[in-house]
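Listed here are the chains, written in short residue letters.
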Amino acid sequence: MEEDRDDAWAPHVVRPDARTPATAQGLLGLLEELGDLTELLARHKAVVFRGFGIDPAELDTVMAPLLPRRLAYVHGNSPRTKVGQNVYTSTEYPPQYTISMHNEMSYAHQWPARLLFFCERAPETGGATPVVDGARWLRLLDPEVRESFAQGVRYTQNLHGGRGFGKSWQETFETDSRDDVEKFLESAEAQYEWKPDGGLRVTQVRPATVRHPVTGTEVWFNQADQWHAAGLGDETAAALGRIMPERDLPQSVSFADGSPIPDAYVTQVRDRGLAAAVDVDWQAGDLLLIDNVLVAHGRRPFTGPRRVLVAMSD
């Protein structure tokens, strides 16, 4: 493994001070002083706003300067509930499991530039949102692994038509119109086919790394480990293999040319990303703003009624 040079990185934390009241209005005043946050995010990669006592009723107002162009979660693959104007629950995955590191919608033709998380209710134990510097994650991978992904990855989704395993295409694209889905996928240069049972298969070839549009930094930027059965653990992968062939799973992944990705590569990517991550432990009212290219995120297991909301912006 190569020497790591960024082991001291952690999200920048902003708290009220003598000039800034510990209120939503205090935070809004501070954000007005800061102006365009592009440079701040490019420098710090992730920023925690803590101690401002943000209430859920104030969230929309506070979001406006943080996410100037809030996006819908269209073509998102994780289970969420929409709770407001392009505001969603964070991934609804059983609390005893870890969610591995990933950049939101890195499998898609277009992805959000920023993510904003809001802690409405902190868990009793655990439940941190780990974040990892994508350039560091890339460096931590063995050269053989990095080189094998050089041509990109091929993602395949099987979306049912209303009943079945995984997500439906209606939920995924937030529409019941096949025409709208086809226009979206054609604009995204994705291949697709409607199946006789009313489901939809989507295939996309995407890069494994990208460069940040401001800094030029190259980062690990794909979700191969989350879409690969090996990333789920041996028991889960074996159970899925007994249910259906890989081609018919809700999601699967290969190298861009269609050749299989070795299990060992997948587990290395997953484990080194998680090991290098810095945990953001939640307090009610916290906001976490991240650059979705420079930083990947995940979730630690937890107990208690954790509720974290997320929104995104281009």
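Each chain carries its own residue numbering, running from 1 in the direction its sequence is written. Residue-level local features of this predicted model are given only where pLDDT is at least 70; pairs of side-chain atoms are given and counted only at 80 or more, and the full residue set underlies all totals for whole chains, interfaces and linings. Hydrogens and waters are ignored; side-chain quantities use all the structure's heavy atoms.

Asks: Before we go on, may I ask you to explain helix α3 (residues 59-66) in this structure?
Replies: Helical geometry note: an α-helix holds 3.6 residues per turn, so side chains three or four residues apart project in the same direction. Three exposure classes are used, based on accessible area relative to the maximum for each residue type with a 1.4 Å probe and protein chains only: buried under 20%, partly exposed in between, and exposed over 50%. Secondary structure elements follow DSSP: runs of H or I of four or more residues count as helices, runs of E of two or more count as strands, with numbering from the N terminus. Considered for burial, the residues of α3 that qualify are Leu 59, Val 62, Met 63 and Leu 66. Mapping the buried residues of α3 onto a view down its axis gives an arc of 105°, with all of them on the same face. The contact rule is simple, with two residues in contact once any of their heavy atoms fall within 4.5 Å. Residues of α3 that are buried make contact with α1 (24-34), β2 (46-49), β4 (87-89), β6 (114-121), β16 (287-291) and β19 (307-313). By definition, the arc is the one covered by directions from the helix axis to the C-beta atoms.

Asks: Any chance you could explain the environment of Val 280 here in plain terms?
Replies: By the element assignment, Val 280 lies in strand β15 (residues 278-280). Linking Val 280 and Leu 66, residues 214 residues apart in sequence, is a C-alpha distance of 19 Å. What Val 280 contacts, discounting residues up to four positions off in sequence, is Pro 11, Val 48, Arg 50, Ala 128, Thr 129, Val 131 and Leu 288.

Asks: Would you explain the sheet that holds strand β1 (residues 12-14) in this entry?
Replies: Adjacent strands of a sheet pair through backbone hydrogen bonds, lying either parallel or antiparallel. The strand order across the open sheet formed by seven strands is β1-β2-β16-β6-β19-β4-β3, and the pairing between neighbours is mixed. Edge positions in the sheet fall to β1 and β3 (82-84), since each of these pairs with one other strand and no more. Pairwise comparison of adjacent strand axes, ignoring direction, gives a mean angle of 25° for this sheet. Here an angle of 0 to 180 degrees is reported between the N-to-C directions of two axes, which are lines fitted to C-alpha atoms, with helices fitted over the stretch in contact. Packing against the sheet, α3 makes contact with β2, β4, β6, β16 and β19, and its axis sits at approximately 160° to β6. Here, a strand pair is defined by DSSP locating no fewer than two bridges between the strands.

Asks: How do you make sense of the pairing of strand β11 (residues 200-206) when you look at a structure like this?
Replies: Residues in a regular strand project their side chains so that they alternate between the two faces of the sheet. Here β11 lies mainly inside the structure; six of its seven residues are buried. Taken together, the seven bridges between strand β9 (residues 153-159) and β11 define a ladder with antiparallel strand orientation. Each residue of the ladder has a partner; that of Arg 154, found in β11, is Val 205. Note that strand β10 (residues 191-194) and β11 share four bridges and pair antiparallel. Bridge pairing in β11 places Tyr 192 opposite Val 202.

Asks: In this structure, what is going on with the side chain of Lys 45? I would like to understand it.
Replies: Note on placement: Lys 45 falls in the loop between α2 (38-44) and β2. The class for Lys 45 is buried, based on a relative accessible area of 16%. Any pair of N or O atoms that falls within 3.5 Å is considered a polar contact. Within protein, one atom must be able to donate a hydrogen and the other to accept it, and sequence-neighbouring residues count only if both atoms are side-chain atoms. One polar contact links Lys 45 to Asp 133, side chain to side chain, over a distance of 2.5 Å. Excluding residues that lie within four positions of it along the chain, Lys 45 makes contacts with Trp 9, Leu 40, Asp 133, Leu 289, Ile 290, Asp 291, Leu 294 and Val 295.

Asks: What's the story with the pattern of salt bridges in this structure? I'm lost.
Replies: Think of it this way: side chains of opposite charge can pair up when their charged atoms draw near. Just to be clear on terms, a salt bridge is a Lys or Arg side-chain nitrogen sitting within 4 Å of an Asp or Glu carboxyl oxygen. Tallying each qualifying case throughout the model produces 14 salt bridges. Residues Arg 270 and Asp 271 are paired through a salt bridge, measuring 2.8 Å at the closest nitrogen-oxygen approach. Take Arg 270: its relative accessible area is 18%, and that puts it in the buried class. We classify Asp 271 as partly exposed; its relative accessible area is 38%. Its salt-bridge partner being Arg 300, residue Asp 279 comes within 2.9 Å of it at the nearest N-O pair. Linking Asp 279 in strand β15 with Arg 300 in the loop between β17 (295-299) and β18 (302-303), this pair joins segments that are 21 residues apart in sequence.

Asks: Just to check I follow, could you spell out the packing of aromatic side chains for this structure?
Replies: Aromatic ring pairs are reported here in terms of the distance separating the ring centres and the angle at which the planes meet. Two rings belonging to Phe, Tyr or Trp (six-membered ring only in the last case) form a pair when the distance between their centres is within 6.5 Å. Interplanar angles under 30 degrees mark stacking, angles over 60 mark edge-to-face geometry, and anything in between is tilted. One pass over the full model with this rule turns up nine aromatic pairs. Seen in terms of ring centroids, Tyr 107 and Trp 227 are 5.1 Å apart; in terms of plane orientation they differ by 50°. Their pairing is tilted. Of this pair, Tyr 107 sits in the loop between β5 (99-102) and β6 while Trp 227 sits in helix α8 (residues 224-227); the two residues are 120 residues apart in sequence, bridging distant segments of the chain. With relative accessibility at 2%, the residue Trp 227 sits in the buried group.

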